[in-house]
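Results of the structural survey
Chain residues, written in single-letter form:
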Amino acid sequence: MFFFSPSPEADAAATVSRREFLSQLLQARGFPYPQGISDPADAALQCDLIPFLPGAAGESITRKEAVIFAVHSLGLFHEAGMLQSQRLPFRDIGRLSPSERGYLAAAYFMKPQIVKKGNSFQPGKKITPAEAKDIFTAIRSAQKKLVLSVKYVPVKGISVRIERTGTYFSLPKWRAVVNGFDTREDAGLFRDALAGLGIESTVDSQNYDWRVRSLFSDVYGPVRDFLKASGSLGKKGVVFYSGNGWDAVNAPRCWIMVTIDPGMYDLRPLFPPAGLSALAPLSVMASGADAAINGGFYSITGKESGSPIGILMDRGVLASPPYRGRTILGWNSRNKASFEQLEWSGEVHFPGVGFMNITAVNRNVRGDGVVFFTRHFGEKTPQPQVSAAEAVLDGNTCVEIRHGGGFPIPPGRSVVAFYGSVSRFASDLSPGDQLDIVQKMQGGSPAWGSMTYAVQGGPLLVRKGDVLFETENLSDGVVSRRHPRTAIGLTGSGQWFFFVGDGRNAVHSVGFTLAETADILKKNGAAYALNLDGGGSSSIFLGGRVVNALSDGRERPVSYGIGAFRRGVNK
């Protein structure tokens, strides 16, 4: 390993060419040369062991290049991106780019270390055969046991821990994707433009979005060509890594845990700008938050539209009722929290003539029903497919009767909508009538009555420091297969935490079962932990951006998030 206080003898020693270094790198990683390729530089590029070749393969390799190549070969390039701002002990790295600093940070913080502490790094210095040997010794050791663990404090009151363990042992299959086309026709035009550049691709859809994908490839070259061609057409592609080693003991796994001081931060649900009838990326909702994660489960009804599944409560106002059989997290501004399973019922009481059950809250329904809308739904009620009438309420007082739908929900007021056959009951209402909205929660502890915020996920993973084995009726595929995961909870010392574990990436992180997630959380101090929506929804926001590796290659629009806001700010 590098010690960065080279002796005069080391200065005079022989250097190592890039080709020689890459030949030994392939050997250290145990990967074969792709068929038909004999040059180690070409082989390393085709295996994606290096991000680029900075010069002629026969020239001497520098320390900076050697570190980048070694870190990249272990699949630590996303971690390097997260570590770009970490403080390092070297005095001569001021001219390194942020990306180069990230690679150096990964080499410094990983165990076994590739770079050790010293006053200087000498990034442009040519490495000696002895230094190269030390690097490959570290790489071989990392294949047996690799741990990269970094803890830092980005702002007072928030601490972040990033941990990556393991590496990949067989080359993945690669595929590149360009996302974000509104129609099949738009995606088809882009596919045709790529074909004009000699790039073969296909079109498909995911969650109402259209995308263009390269073919699966056993070597990285075609993917690199796809990305370059897409860039020349003004589109940025992302790369997916698939493999067969998802269940290997030493497969790569990466997670991020953010711990939040409740004395300095308030937690609040985050909503899409267009309301709960819409979906939005977490970064769009997290404006003003110092940290945020995606929320609970939700349904998708169209492009960037859907509804939360389960309770949402904001400042004491129920924006969505609970889902039976799943755990709810409630909390308030006095640092009290409660993990419960609740049942809900809602009624609208008419003046002197009885009541009707409320069918839903802030949701678009089909057919007959009574729906209670608050401003959380959006600016307007939905356009009905059946006959409809609406009563606008100021508190409990009816101030307007409207026939139809798609009308504004006035700020500070609510709307009771009657759909289908029950809409006739609204004809007897008049402005000034009193309509009592009665909502009841059953099954909670006495502490629940003081909760003013709530979200729902499930299952509860940790309770009083013990790992639970309840599934809360989630399927075995969700519980026992490895996926990206999101969780929220409290540590034994009463601090909040956000957790995201990356997944579905054979090089960076294969994912986690719920049992593995619970075990990690318990070992890192969780007293209570609630599973939230995972998979492509799993995202964690820090320092003004999403920092984890998104399994869709981009942010998936979600129904809501949870943000940490510094107390006294952004109220």
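Note on numbering: residues in each chain are counted from 1, in written sequence order. Two thresholds apply to this predicted model, a pLDDT of at least 70 for residue-level local features and 80 or more for giving and counting side-chain atom pairs, whereas whole-chain, interface and lining totals are computed over all residues. Side-chain figures throughout are based on the complete set of non-hydrogen atoms in the structure, without hydrogens or water.

As for helix H7 (residues 129-144)
When the terminal C-alpha atoms of H7 are compared, their 23 Å separation across 16 residues agrees well with the 22 Å that a helix rising 1.5 Å per residue should span. Remark: exposure states derive from per-residue accessible area (1.4 Å probe, protein chains only) relative to the maximum for the residue type, with buried under 20%, exposed over 50%, and partly exposed in between. In this text, helices come from DSSP runs of H or I with a minimum length of four residues, and strands from runs of E with a minimum of two, each type numbered from the N-terminal end. Buried residues of H7: Glu131, Ala132, Ile135, Phe136, Ala138, Ile139, Ala142 and Gln143, and no others. When H7 is viewed along its axis, its buried side chains cluster within an angular range of 155° and face the same direction. For H7, exposure combined with an orientation more than 90 degrees from the buried face picks out Ala130, Lys133 and Lys144. Structurally, H7 contributes buried residues whose contacts are with helix H2 (18-29), helix H4 (63-73) and strand E1 (110-111). A helix is expected to span 1.5 Å multiplied by its residue count minus one. Our arc is simply the arc of the directions from the helix axis toward the C-beta atoms. Throughout, a residue-residue contact means that at least one pair of heavy atoms, one from each residue, lies within 4.5 Å.

With respect to H2
For H2, spanning 12 residues, the distance from its first C-alpha to its last is 16 Å, which sits close to the expected 16 Å at 1.5 Å a residue. The set of residues buried in H2 consists of Arg18, Phe21, Leu22, Ser23, Leu25, Leu26, Ala28 and Arg29. Against helix H3 (40-46), H4 and H7 lie the buried residues of H2. Immediately beyond the C-terminal end of H2, within one or two residues, lies Gly30, with a positive phi of roughly 75°.

Some words on the sheet that holds strand E26 (residues 460-463)
A pair of strands is labelled paired if DSSP reports no fewer than 2 bridges between them. An order of E1-E2-E3-E8-E29-E28-E30-E26-E27 is seen for the 9 strands of this open sheet, with the pairing classed as antiparallel. The open sheet has two edge strands with one neighbour each: E1 and strand E27 (466-467). Relative to strand E8 (residues 253-260), strand E3 (residues 158-165) runs antiparallel, the two being bridged by 8 bridges. Note on E8: the bridge partner recorded for Thr165 is Arg253.

Quick look at the packing of H2 against H7
Orientation of H2 relative to H7, taken along the N-to-C sense of each, is 20°, at an axis distance of 9 Å. Relative to H7, H2 is oriented roughly parallel. Between H2 and H7 the crossing geometry is right-handed. Contacts between H2 and H7 pair Phe21, Gln24, Leu25, Gln27, Ala28 and Arg29 from the former with Ala132, Ile135, Phe136, Ile139, Arg140 and Gln143 from the latter. Between N-to-C directions, angles span 0 to 180 degrees; the directions come from axes that are lines fitted to C-alpha atoms, helices contributing only their stretch in contact. In what follows, roughly perpendicular refers to angles from 65 to 115 degrees, roughly parallel to angles under 35, roughly antiparallel to angles over 145, and oblique to any angle outside these ranges. Each crossing gets its handedness from the near helix: less than a right angle anticlockwise from the far helix is left-handed, clockwise is right-handed.

A look at the environment of Leu104
In this structure, Leu104 sits in helix H6 (residues 98-109). Classification of Leu104 as buried rests on a relative accessible area of 2%. Considered as a pair, Leu104 and Phe121 are 17 residues apart in the sequence and their alpha carbons are 9.4 Å apart. Setting aside its immediate chain neighbours within four residues, Leu104 contacts Val67, Leu88, Phe90, Ile93, Leu96, Val115 and Phe121.

Side note on the pairing of E3
Taking burial as the measure, the 8 residues of E3 include 6 buried ones, the bulk of the element. Note: strand E2 (residues 147-155) against E3, 7 bridges, orientation antiparallel. Across the sheet, Leu148 pairs through a bridge with Arg164, a residue of E3. The hairpin formed by E2 and E3 contains 2 residues between the paired strands, and Gly157 there has a positive phi angle of roughly 100°.

So, the nonpolar core
Nonpolar side chains in soluble globular proteins tend to be buried together. Nonpolar cores are built from buried Ala, Val, Leu, Ile, Met, Phe, Trp, Tyr and Cys residues. Side-chain atoms within 4.5 Å join them into one set. Judged by nonpolar contacts, the single largest core of 106 residues is most densely connected at Phe21, Ile114, Val258, Ile260, Leu267, Ile488 and Phe498. Met313, Ile358, Val422 and Ala454 belong to the second-largest nonpolar core, a separate cluster that totals 27 residues.

Some details on the environment of Tyr265
Secondary-structure assignment places Tyr265 in strand E9 (residues 265-270). Contact partners of Tyr265, with chain neighbours within four places excluded, come to Val155, Lys156, Gly157, Ile158, Ile260, Asp290, Ala564, Phe565, Arg566 and Arg567. Within the structure, the side chain of Tyr265 is placed 2.8 Å from the side chain of Arg566, a separation counted as a polar contact. Two N or O atoms form a polar contact when they lie within 3.5 Å of each other; inside protein one atom must be a possible hydrogen donor and the other a possible acceptor, and for residues adjacent in sequence the pair counts only when both atoms belong to side chains.

Comments concerning the sheet that holds strand E6 (residues 209-214)
Working definition: the strands of a sheet are paired by backbone hydrogen bonds and lie parallel or antiparallel to each other. On the basis of which strands lie adjacent, the open sheet formed by 4 strands has the order E5-E6-E4-E7 and antiparallel pairing. The open sheet is flanked by strand E5 (201-206) and strand E7 (238-242), the only strands paired with a single partner. When strand polarity is set aside, the average angle formed by the axes of neighbouring strands in this sheet is 35°. Examined bridge by bridge, strand E4 (residues 173-181) and E7 share 5 bridges and lie antiparallel to one another. Paired with Lys173 across the strands is Ser242, a residue of E7. Sheet contacts for helix H8 (residues 184-196): E4, E5 and E6; angle to E6, the most-contacted strand, approximately 20°. Each of E4, E5, E6 and E7 is contacted by helix H9 (residues 221-232), which is oriented at about 20° to E4, the strand it contacts most.

Topic: the side chain of Glu163
With respect to the element layout, Glu163 can be found in strand E3. Here Glu163 falls in the buried class, since its relative accessible area comes to 14%. Engagement of the side chain of Glu163 in a polar contact is seen with the side chain of Arg161, the distance being 2.5 Å. Residues contacting Glu163, with those up to four places away along its chain left out, are Leu148, Ser149, Arg253, Cys254 and Trp255.

Remarks on the pairing of strand E15 (residues 328-331)
Side-chain alternation along E15 places Ile328 and Gly330 on one buried face and Leu329 and Trp331 on a second face that is also buried. Here 4 bridges tie E15 to strand E16 (residues 337-340), and the two strands are oriented antiparallel to one another. Directly across from Trp331, in E16, lies its bridge partner Ala337. Connecting E15 to the antiparallel partner E16 that follows it, the hairpin turn spans 5 residues, and Asn335 within it adopts a positive phi of roughly 65°. Where E15 and strand E25 (residues 453-456) come together, 4 bridges link them in antiparallel fashion. Following the sheet pairing, Gly330 is matched in E25 by Ala454.

Observations concerning unusual backbone geometry
Geometrically, the link from Lys111 to Pro112 is a cis peptide bond, its omega value of 5° lying close to zero. The topology assignment puts Pro112 in the loop between E1 and H7. Across the junction of Gly458 and Pro459, the peptide omega takes the value 0°, indicating a cis bond. Within the fold, Pro459 resides in the loop between E25 and E26. The residue Asn362 is not glycine, and still its phi comes out positive at about 55°. For Asn362, a relative accessible area of 2% corresponds to the buried category.

As for the packing of H4 against H6
Running from N to C, H4 and H6 point in directions that differ by 70°, and their axes come no closer than 9 Å. Viewed along their axes, H4 and H6 adopt a mutual orientation that is roughly perpendicular. For the element pair H4 and H6, the recorded crossing hand is left-handed. Within the contact between the two elements, H4 uses Lys64, Val67, Ile68, Val71 and His72 and H6 uses Glu100, Tyr103, Leu104, Ala106 and Ala107.

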